[in-house]
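So you can see what is in the structure, the chains are spelled out below.
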Amino acid sequence: MLDFFTIFSKGGIVLWCFQGAGVTESFTGPVNALIRSVILQERSGNNSFTHEKLSLKYKLDNEFELIFVVGFQKILTLTYVDKFIDDVQLHFRDRYKNELEQKGALKLLNNSFEFEDDFKVLLRDAEESSKVRSPAQMRSFKESEKSQKTVKSMIETKGGDKGKEQGGKKSKNTKKEAPAAEPAKGDQSKASPPGQKMVENGNQGLTADEIMQKKREEFFRKRMVGTAEKPSHSKSPKPQKPREKQMRVWDMGGSSTKNLDYSERNGDGSSNGGEQNQEAQIDLGMQPSSMKGDLLSVDYESSEEEEMEEEDEEVVVSETSKTSSKKGGGFGGMFGMLKGLVGSKSLSREDMEPVLEKMRDHLIAKNVAADIASQLCDSVAKKLEGKVMGTFTTVASTVKQALQDSLVQILQPKRRVDILRDVMEAQSQRRPFVITFCGVNGVGKSTNLAKISYWLIENGFTVLIAACDTFRAGAVEQLRTHQRRLNSLHPPEKHGGRPVVQLYEKGYGKDAAGIAMEAIAYARNQAFDVVLVDTAGRMQDNAPLMTALAKLIAVNMPDLVLFVGEALVGNEAVDQLVKFNQALADHSMSDKPRLIDGIVLTKFDTIDDKMGAAISMTYITGQPIVFVGTGQTYNDLRSLNARAVVSALMKA
């Protein structure tokens, strides 16, 4: 039934393995895929993984740094696998505890782990237990308890048993008579002697005089509390003044209103002496700076808030230690505080649950999609469960550090997308390097395409822009404006009389896939280095437009497919990327469809520290964020700095 079972360390040393009868294929491929796609990418929230025809289940042992992996055919539904892998872990740990406690790879290699007999016994027990638990047959109606009951006994009324026996009208009469019966009880209590005990309204074992005295005291106490609370409510605390947003100073905004006054100038824009010099200086100031080489990374400036956060954490720790000392006395409180700090025990899920709940809420508040925040916290819990804490470290700091490392690992790509290197490689093959941009409406595809064009021109490449957005009014004119401005920044005279940017367009209402194919052929004939394909914005639920996009990518096979998404989205990022990838996979004509290769994150300058969209997008696709748009000029293009983003994301 099982194809294989393997036990290996996190350092990559296989301690023991088992291969099922009749299985000839090696299990190294599926296990390596599991390590690359799940364990190294911090996606261990779910303990199952599918690779081709195999379904893999795994369990992490964080105390001894071990991984237990079982593989079986995907079409099988083996209900005993989860319990079986737990049993194997416990038996292996118990049997080889002394050998596993010896640190070092060489000591693990020198030890021999003979576990086959125990494994076969456990496997046989698990298979037999699954056979014993056959589905229970449904009872007939006569065998059920419901058949023994009468219809009359199943009718529930408020009046109790008497209400069941009597009709509806009688029960109403009893309700009306009930208030009349209460004064009679009161008369009996008055008639009873003061020494006689009564049971009334929960005052058990009190005489009538004692009940009266008690009610009088409660009445006066409520009045005193009411008068004491009134003055406190009259003076409400002053609301804290929110932190005002600082005015942004634009580089091209002009220093004074005189620069915007054209009333004394001639119609052709010329003016006298000093004014011409001022205008020339302004034009020089408006010129974007050089962007040769690799892009600068996004840096998030650390402020005084981080120091305040650290102080708050210290206050929280001290307050918790004070409360624990109050509860447990002098020595008990000190011992409890040390127990919370000193690494004397292994972490359990119950210890981490309160901290993980706060971390989950914090990530959602920072714009991480809710499902992904939960998966991240589950992955951290599995990573830390059973791990022995370090000396003088709190649970909160351990969990926070583990989550921070996981986020950095997610944002750092599995492969580095080096566009400059790839373009030079395409140059050596005498073909253009093709990049296709796709995304929903209004995220900034055309604007960021122009920024990337400027960056490529600065690095000495020629660019052809293919206007494949034949749907939106003004899309072609927008690209033509960018082309004209880019050519004015890099005049053809400086490049041998050839314009560095050209626009290939066929107007509106045409087939976008055909225009892209013609543009690529034109770029090959005219020896352009890069072709940037601009596509129409489309919502992920629009099936006809998604089919057209999949056709464009399948027919032209670009070197890079970039999804353009804005940093403002939260849960919507997950839906967009999943459906874009699904559409590309469904409408592809090959066995290995082309999916999204990278992400362009736009409007990054508008989100302050709510950078959760970066985490959501990279977690869903597993692809890197190639470019980050940070403004509205050609210079405002950056690469992602994972550690800076995560440090900003983890700030309170």
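Model, not experiment: these values are computed from the prediction. (Residues numbered from 1 in each chain as written. Predicted model: local features only at pLDDT ≥ 70, side-chain atom pairs only at ≥ 80, totals over all residues. Heavy atoms only, no water.)

**Describing the overall build of the protein chain**
We apply this condition: Each helix is a run of DSSP H or I of at least 4 residues and each strand a run of E of at least 2, with the numbering of both proceeding from the N terminus. Buried, partly exposed and exposed residues are distinguished by accessible area as a fraction of the type maximum, computed with a 1.4 Å probe on protein chains only: under 20%, between the cut-offs, and over 50%, respectively. Whether two residues are in contact is decided by their heavy atoms, any of which lying within 4.5 Å being enough. Shrake-Rupley sampling with a 1.4 Å probe provides the accessible areas, and residues are treated as covered by the protein chains on show and by no other component.
Per the secondary structure count, the protein chain includes 21 helices and 15 strands. Counting all 652 residues of the protein chain, 38% fall into the buried class. A fraction of 72% describes how many contacts in the protein chain between residues 6 or more apart in sequence connect residues 24 or more apart. About 39,400 Å² of surface is accessible on the protein chain, with carbon and sulfur atoms providing 52% of the total.

**Structural notes on the sheet that holds strand S1 (residues 2-9)**
Counted only if it meets this: At least two bridges found by DSSP between two strands is the condition for calling them paired. The axes used here are C-alpha line fits, helices contributing only the stretch in contact, and every angle between their N-to-C directions lies in the interval 0 to 180 degrees.
The strand order across the open sheet built from five strands is S2-S1-S5-S4-S3, with neighbouring strands paired in antiparallel fashion. In the strand order of this sheet, the two ends are held by strand S2 (14-19) and strand S3 (48-51), each with one partner. Across this sheet, the average inter-strand angle for adjacent strands is 15°, counted without regard to direction. Pairing of S1 with S2, which is carried by five bridges, proceeds in the antiparallel orientation. Bridging across to S2, Phe4 finds its partner in Gln19. Helix H1 (residues 28-39) rests against S1, S3, strand S4 (54-61) and strand S5 (66-73) of the sheet, and its axis sits at about 125° to S3.

**What to know about the pattern of salt bridges**
Selection rule: Definition used for salt bridges: Asp or Glu carboxyl oxygen within 4 Å of a side-chain nitrogen of Lys or Arg.
Enumeration according to the criterion identifies 20 salt bridges in this entry. Across the salt bridge formed by Arg93 and Asp61, the nearest N and O atoms sit 3.0 Å from each other. With Arg93 in helix H2 (residues 81-95) and Asp61 in strand S4, this residue pair connects regions lying 32 residues apart in the sequence. In this structure, Arg421 engages Asp422 in a salt bridge whose closest nitrogen and oxygen atoms are separated by 3.5 Å. Judged by relative accessible area, Arg421 falls into the partly exposed class, the value being 45%. Linked through salt bridges whose partners overlap, the residues forming this network are Asp61, Glu63 and Arg93.

**Observations regarding helix H11 (residues 349-365)**
Definition in use: To estimate the expected span of a helix, count its residues, drop one, and scale the result by 1.5 Å. In this analysis the local bend is the angle between axes fitted, respectively, to the seven residues ending at and the seven residues starting at the residue.
For H11, built from 17 residues, the straight-helix expectation of 24 Å at 1.5 Å per residue is met to within 8% by its first-to-last C-alpha distance of 23 Å. The sharpest bend along H11 reaches about 30° and sits at Val355. Directly beyond the C-terminal end of H11, a positive phi value near 85° is found at Asn367.

**Let's talk about the sheet that holds strand S14 (residues 625-629)**
In spatial order, the strands read S10-S9-S11-S8-S12-S13-S14-S15; together these eight strands make up an open sheet with mixed pairing. Sheet topology places strand S10 (501-504) and strand S15 (637-638) at the edges, where each strand pairs with a single neighbour. Direction of pairing for strand S8 (residues 433-439) relative to strand S12 (residues 560-566): parallel, over a ladder of five bridges. Paired with Thr436 across the strands is Val561, a residue of S12. Strands S8, strand S9 (463-468), S10 and strand S11 (530-535) of the sheet are contacted by helix H17 (residues 512-525), whose axis makes an angle of about 165° with S9. With respect to the sheet, helix H18 (residues 543-556) is in contact with S8, S9, S11 and S12, its orientation differing from that of S11 by roughly 165°.

**Focus on a nonpolar patch on the surface**
Filter applied, for reference: Only residues whose relative accessible area exceeds 30% and that form no salt bridge enter a patch; like-charged residues are grouped when within 9 Å of one another, and nonpolar side chains (Val, Leu, Ile, Met, Phe, Trp, Tyr) when within 5 Å.
A cluster of nonpolar side chains, contributed by Met517, Val555 and Met589, occupies part of the molecular surface with about 320 Å² of accessible area. Relative accessible area serves as the criterion here: at 69%, Met589 is assigned to the exposed category.

**What to know about the packing of H11 against helix H13 (residues 395-411)**
Which entries qualify depends on this criterion: Should an angle fall under 35 degrees it is called roughly parallel, over 145 degrees roughly antiparallel, and 65 to 115 degrees roughly perpendicular, with every other angle called oblique. Definitions for this section: a left-handed crossing has its near helix turned counterclockwise from the far helix by less than a right angle. A right-handed crossing has that turn clockwise. When residue character is reported, Ala, Val, Leu, Ile, Met, Phe, Trp, Tyr, Cys and Pro are called nonpolar, Asp, Glu, Lys and Arg charged, and the others, Gly included, polar.
Where H11 meets H13, the axes come as close as 10 Å, and the angle between the chain directions of the two elements is 45°. When the interaxial angle is binned, H11 and H13 end up oblique. Where H11 crosses over H13, the two elements pack in a sense that is right-handed. For the pair formed by H11 and H13, the contact residues are Asp351, Met352, Val355, Leu356, Met359 and Leu363 on the first element and Val395, Ala396, Val399, Lys400, Leu403 and Leu407 on the second. A breakdown of the residues in the contact of H11 with H13 according to their chemical character gives 10 nonpolar, no polar and two charged.

**A few points about the UniProt feature "domain: SRP54-type proteins GTP-binding" (unreviewed entry) in the protein chain**
The line we're drawing: UniProt positions are given in the numbering used here, feature names are shortened, and annotations may be inferred rather than shown by experiment.
The positions that UniProt labels "domain: SRP54-type proteins GTP-binding" (unreviewed entry) are, in the present scheme, residues 624-637. As a span, residues 624-637 carries 0% helix and 43% strand, and end to end its C-alpha atoms are 16 Å apart.

**Observations regarding unusual backbone geometry**
Phi at Arg430 is positive, roughly 55°, even though this residue is not glycine. With respect to the helices and strands, Arg430 occurs in the loop between helix H14 (419-428) and S8. Since its relative accessible area comes to 75%, Arg430 is described here as exposed. At Ala527, a residue that is not glycine, the phi angle is positive and equals roughly 60°. On the basis of relative accessibility, which here comes to 48%, the residue Ala527 falls in the partly exposed class.

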